[in-house]
Amino acid sequence: MVMDQLERPLRKALQDRLAAATAEAQRLLGVDGQPVGADEITHLRGLIDGLSEVMGREGGDGLGPLVAEQQAALARLHDRFRARFEALEGVRRAVGELRAITSPADMLSRAPAALAGASRFDRVLLGLSGDGHLVAEAVHFGGERAEAAQVLAAFAASPIRLEHPLIETELLRRRRATIVDGANLNPRVEQRLVELMGWTSYAAAPLVVAGQVMGMVHAGRGAPERLDVLDRDVLWEFTSLLAQAYESASLRRTLRHEREQTREFMDWLGGRTSELMDAPIRLATMLRPPEPAVPIPAVATARAGRDDRIVFEGLLTRRELDVLRLLAEGRSNRRIAEALVISEGTVKFHVNSILRKLRVANRAEAVSRYLRLLGMRAP
C-alpha cells in the first residue's frame, strides 16, 4: 500500500532511535544487553520504570525537571501518532462505505462528501482529466449544497487547463500529493481555485486507477489556516483507496454486463434449440410450416423454374433459407435484419451456419452455390 511505503522510512528511524535509547538505558541501569523487538514491550517498560526510580532518587541533582520534560515530550509524541492513526483509519472507513456503491459514477460523486466527513477538510473538489483539461466532477462545500452546485457549474463551464507551469500539471506527471501554501500569491496556482473554493492553503493528490491518472482531488478548509503533513497524508491515503474501490466497481459492472449478454445469448440459444427439436414433429405429422414472408428472388423464379425449398430441404432451416434468399439479393446484414425483424447478431449467426452447412468460405460462395443448385448462373 502507498502509505506503507511512506511510513517505512519513519518506522526505520524510530526503530534506530529506540535501539539507541534502550542500549543507553541498559548501560545506566547496569543490566545485560537484550535485543528489542515487537514482543519486548514488557522489557521496555521495565527499563522505563527502572530509570524513573533512579531519577526519582536523584531528583535533588536537577533530574526531576528533565524527567518531566521527557515525559511531556513522550506524551506529545504519543498524541501525535494516535491522531495520525485515527485520521488514516477514518478515511479507510469512509472509502469502505463507498465500496458499497455499485455505480462507479455515483462513487465519484459522493467521494468529496465522504472525505470531508472523515477528515478536517470541509471543502473538496474532485475533477477528471481529459483533453488537457481538469473537468470538475463533484464538489463538497462545507455542507452548502447550493453553493457547491454553483462552484461545480462554474468549473464545468470553464475547466482548468492543464499546462505548464501549473502545479496540478506537475502533480499528475509525478503522481504524488502535495500541500500548497499561500495559494492566493502563487503564480503556479489556478486562481479560480482560490476564488471559488475560498481557501489560501490546500492539498492536492492525483487519482490513479489501474496505472493511469484519471483525475485529481483538491481539499482544504475555508478558515485561513495552513495545512500540515498529516492533511497531505490523509488525502493521499483517501485517493489511493478510492482509486482501488473505483477500479473494483468498474470491473464488477463489466462482469455484470457480460453476464447479462451471456444470459441473453443462452435464452436465444434455448429458443433456437426448441425450434430445431420441433422440426421432426412437423415432419412426422406431415404438417408443412407456413410460407415465409420473404419472397423468393424474382430472377430465381423466372429463370430456374425450381423451388429452392425442395433443393435445400433437410439442409437448411426455414430461417436460414430466408437469410440465404436475401443474401442472393445482395442485401446487407442490417437490411436482412430489418426484413426478417431480427437482430443483426442473429443474422450473423445464421450466415455462419449457412456457410458451414454449404461448406463454403464466404457469402459470395454461398450465393454462388445457391444459384448453381437452382440451375442459375451467378450474376
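Residues numbered from 1 in each chain as written. Predicted model: local features only at pLDDT ≥ 70, side-chain atom pairs only at ≥ 80, totals over all residues. Heavy atoms only, no water.

Topic: the nonpolar core
Part 1 of the argument: The biggest cluster of nonpolar side chains holds 36 residues, and the ones touching the most others in it are L98, M107, L115, F121, L235, F238 and L242.
Part 2 of the argument: Of all the secondary-structure elements, those providing two or more residues to this core are helix 3 (63-98), helix 4 (104-117), strand 1 (123-130), strand 5 (202-209), strand 6 (212-220) and helix 8 (229-284).
Part 3 of the argument: In terms of residue count, helix 8 provides more of this core than any other element does, 11 residues in total.
Part 4 of the argument: L115 has contacts with V91, F121, V124, V217, A219, L235 and F238, leaving out every residue within four places of it along the chain.
Part 5 of the argument: By size, the runner-up hydrophobic cluster in this structure holds 24 residues, among which are A148, F155, L166 and A183. (Core = buried A, V, L, I, M, F, W, Y, C linked by side-chain atoms within 4.5 Å. Buried < 20%, exposed > 50% of the residue type's maximum accessible area, 1.4 Å probe, protein only. Helix = DSSP H or I, 4+ residues; strand = E, 2+ residues; numbered from the N terminus. Contact = heavy atoms within 4.5 Å.)

Some points on the confidence of the model for the protein
Part 1 of the argument: Within the protein, residue pLDDT values average 78, and 72% of them lie at 70 or more.
Part 2 of the argument: The model gives residues 1-7 a pLDDT under 50, and that stretch makes 14 contacts with residues more than four places away or in other chains.
Part 3 of the argument: Scored below 50 in pLDDT, residues 281-305 shows 29 contacts in the model against residues more than four places distant or in partner chains. (pLDDT = per-residue confidence, 0-100.)

Notes on the pairing of strand 6
Part 1 of the argument: Along strand 6, seven of the nine residues are buried, which leaves the element largely enclosed by surrounding structure.
Part 2 of the argument: The sheet contact formed by strand 1 and strand 6 spans six bridges and is antiparallel. Within strand 6, the position partnered with L125 by the bridge is H218.
Part 3 of the argument: Bridge analysis of strand 5 against strand 6 gives eight bridges, and the strand direction is antiparallel. (Pairing = 2+ DSSP bridges.)

Some words on helix 14 (residues 363-373)
Part 1 of the argument: Taken as a whole, helix 14 has its buried residues at A366, V367, Y370 and L371. End-on view of helix 14: buried residues confined to an arc of 130°, all on one side of the axis. For helix 14, the exposed residues lying more than 90 degrees away from the buried face are A364 and R372.
Part 2 of the argument: The opening residue of helix 14, the one whose side-chain oxygen lies 3.2 Å from the backbone nitrogen of A364, is N362. (Arc of directions from axis to C-beta. Polar contact = N/O pair within 3.5 Å; in protein donor to acceptor, adjacent residues only side chain to side chain.)

Let's talk about unusual backbone geometry
Part 1 of the argument: Cis geometry is found at the peptide bond from H164 to P165, where omega equals 5°.
Part 2 of the argument: Phi at D131 is positive, roughly 55°, even though this residue is not glycine.
Part 3 of the argument: Tracing the backbone through its elements, the reader meets D131 in the loop between strand 1 and strand 2 (133-141).
Part 4 of the argument: Of note, the phi angle at V341 is positive, near 60°, even though the residue is not glycine.
Part 5 of the argument: Note that V341 resides in the loop between helix 12 (333-340) and helix 13 (344-358).
Part 6 of the argument: The class for V341 is exposed, based on a relative accessible area of 73%.

Comments concerning empty space enclosed by the protein
Part 1 of the argument: Following the criterion strictly, the structure yields one cavity of 30 Å³ or more and no others.
Part 2 of the argument: Taken as a whole, the largest cavity holds about 30 Å³ of empty space.
Part 3 of the argument: Taken together, L125, G127, L134, V135, A136, F155 and I160 make up the lining of the largest cavity.
Part 4 of the argument: For the lining of the largest cavity, the elements supplying multiple residues, two or more each, are strand 1 and strand 2.
Part 5 of the argument: With three residues, strand 2 is the largest single contributor of residues to the lining of the largest cavity.
Part 6 of the argument: For the lining of the largest cavity, the residue count by class is six nonpolar, one polar and no charged. (1 Å grid on protein atoms, 1.4 Å probe; cavity = no way out; pocket = protein on both sides within 12 Å on 5 of 7 lines; lining within 4 Å. Points joined across faces, edges and corners; volume = space filled by probe spheres on them. Nonpolar A, V, L, I, M, F, W, Y, C, P; charged D, E, K, R; others polar.)

Quick notes on the pattern of salt bridges
Part 1 of the argument: Enumeration over the complete set of coordinates arrives at 18 salt bridges.
Part 2 of the argument: Of the charged contacts in the structure, one is a salt bridge between E237 and R92, with a shortest N-O distance of 2.7 Å. On the criterion of sequence distance, the pair formed by E237 in helix 8 and R92 in helix 3 is long-range, its members being 145 residues apart.
Part 3 of the argument: Among the residues examined, R92 registers a relative accessible area of 30% and is labelled partly exposed.
Part 4 of the argument: Across the pair R331 and E329 runs a salt bridge whose closest N-O atoms are separated by 2.8 Å. (Salt bridge = Lys/Arg side-chain N within 4 Å of Asp/Glu carboxyl O.)

With respect to the packing of helix 11 (residues 318-328) against helix 12
Part 1 of the argument: Two numbers describe how helix 11 lies on helix 12: the axes approach to 10 Å, and their chain directions differ by 130°. When the axis of helix 11 is compared with that of helix 12, the two are oblique. Remark: the crossing between helix 11 and helix 12 carries right-handed chirality. Seen from helix 11, the contacting residues are R319, D322, V323, L326 and L327; seen from helix 12, they are I336, A339 and L340.
Part 2 of the argument: Taken together, the residues of the contact of helix 11 with helix 12 sort by class into six nonpolar, no polar and two charged. (Axes fitted to C-alpha atoms, helices over the stretch in contact; angles between N-to-C directions. Parallel < 35°, antiparallel > 145°, perpendicular 65-115°, else oblique. Left-handed = near helix turned anticlockwise from the far one by under 90°.)

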